[in-house]
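Take a look at the letters that make up each chain.
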Amino acid sequence: MPLFGSTFSPKKTPPRKSASLSNLHNLDRSTREVELGLDYGTPAMNLAGQSLKFENGQWIAETGISGGVDRREAQRLRRRNQQLEEENNLLRLKVDILLDMVRRVVGREALALLGQLSETTAESHLMEKELDELKSVSRRRK
């Protein structure tokens, strides 16, 4: 038995209203097209006094000026930027090729110097052997 009286019983909720209060879903297709319209036009907005519209996946200034730069000027700048990037890549490639050439030349010179040193060392060893033999021959004669 509950301490304060009857058990908890919530009030019944009132029945829900219909899902849509609009009767547009009852209209046929042609009437809906007239009422709602299917051609919404391109999305447009005004941002900081600049009127923009959305076309082909990009926002384009309606006045033809985008941030103080003409659309043609912006395209020219993009093309120039692309050209400069390609030139930069070509120059980097040329620098890499020149560095490889320098490494090869330096490597050949280093090998040539080592070869000369080894020839000189071999000659000096031969001379030392000949001197030792001459000394030993001269000692035997004495």
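Just so it is clear, the structure is predicted and the values come from calculations on it, not from any experiment.

Q: It is not clear to me how the overall build of the protein should be interpreted in this structure. Could you clarify?
A: Per the secondary structure count, the protein includes 2 helices and 5 strands. Going residue by residue from the N terminus, the α and β elements of the protein occur as α-β-β-β-β-β-α. Scored against the burial criterion, the 142 residues of the protein give a buried share of 4%. For the protein, contacts bridging at least 24 residues in sequence account for 0% of all contacts bridging at least 6. For the protein, the exposed surface amounts to about 14,000 Å²; the carbon and sulfur share of it is 56%.

Q: Sorry, what's going on with the pattern of salt bridges here?
A: As a working rule, side chains carrying opposite charge can pair if their charged atoms are close by. Counted under the stated rule, the structure contains 3 salt bridges. The residue Glu55 makes a salt bridge to Lys53 at a minimum N-O spacing of 3.1 Å. Judged by relative accessible area, which is 22%, Lys53 ranks as partly exposed. A salt bridge links Asp100 to Arg103, with the shortest nitrogen-to-oxygen separation between them at 2.7 Å. One end of the pair is Asp100 and the other is Arg103, both in helix α2 (residues 71-141) and 3 residues apart, which spans about a single turn. On the basis of relative accessible area, Asp100 is assigned to the partly exposed category, the value being 38%. Residue Arg103 is classed as exposed on the basis of its relative accessible area, which comes to 54%.

Q: Would you explain helix α1 (residues 29-36) in this entry?
A: Given 3.6 residues per helical turn, the α-helix brings residues three or four places apart onto the same face. Burial within α1 is sparse, with just 0 of its 8 residues counted as buried. Following α1 by one or two positions, Gly37 adopts a phi angle in the positive range, close to 80°.

Q: Would you take a moment to explain the sheet that holds strand β3 (residues 58-61) for this structure?
A: One key point about sheets: their strands pair by backbone hydrogen bonds, in either a parallel or an antiparallel sense. Here we have 3 strands laid out as an open sheet, ordered β1-β2-β3, and antiparallel in their pairing. On the outer flanks of this sheet lie β1 (44-47) and β3, each paired with one strand and no other. On average, adjacent strands in this sheet sit at an angle of 35° to one another, irrespective of strand direction. The sheet contact formed by strand β2 (residues 50-55) and β3 spans 4 bridges and is antiparallel. Opposite Lys53, over in β3, you have Ile60 as the bridge partner.

Q: What should I look at first to understand the confidence of the model for the protein in this one?
A: Note: predicted coordinates in regions of low pLDDT should not be interpreted at a detailed level. For the protein, the mean per-residue pLDDT works out to 79, and 81% of the residues sit at or above 70. Across the protein, α2 holds the top mean pLDDT of 85, while strand β4 (residues 65-66) sits lowest at 48.

Q: What's the story with the pairing of β1 in this structure? I'm lost.
A: For a regular strand, the rule is simple: side chains alternate between the two faces of the sheet. With 4 bridges joining them, β1 and β2 adopt antiparallel strand pairing. Its bridge partner lying in β2, Met45 is registered against Leu52. Counted along the chain from β1 to the antiparallel partner β2, the turn is 2 residues long, and its residue Ala48 has a positive phi close to 55°.

Conventions and cut-offs
- Residues numbered from 1 in each chain as written.
- Predicted model: local features only at pLDDT ≥ 70, side-chain atom pairs only at ≥ 80, totals over all residues.
- Heavy atoms only, no water.
- Helix = DSSP H or I, 4+ residues; strand = E, 2+ residues; numbered from the N terminus.
- Buried < 20%, exposed > 50% of the residue type's maximum accessible area, 1.4 Å probe, protein only.
- Contact = heavy atoms within 4.5 Å.
- Areas by Shrake-Rupley, 256 points an atom, 1.4 Å probe, with all protein chains shown as cover.
- Salt bridge = Lys/Arg side-chain N within 4 Å of Asp/Glu carboxyl O.
- Pairing = 2+ DSSP bridges.
- Axes fitted to C-alpha atoms, helices over the stretch in contact; angles between N-to-C directions.
- pLDDT = per-residue confidence, 0-100.

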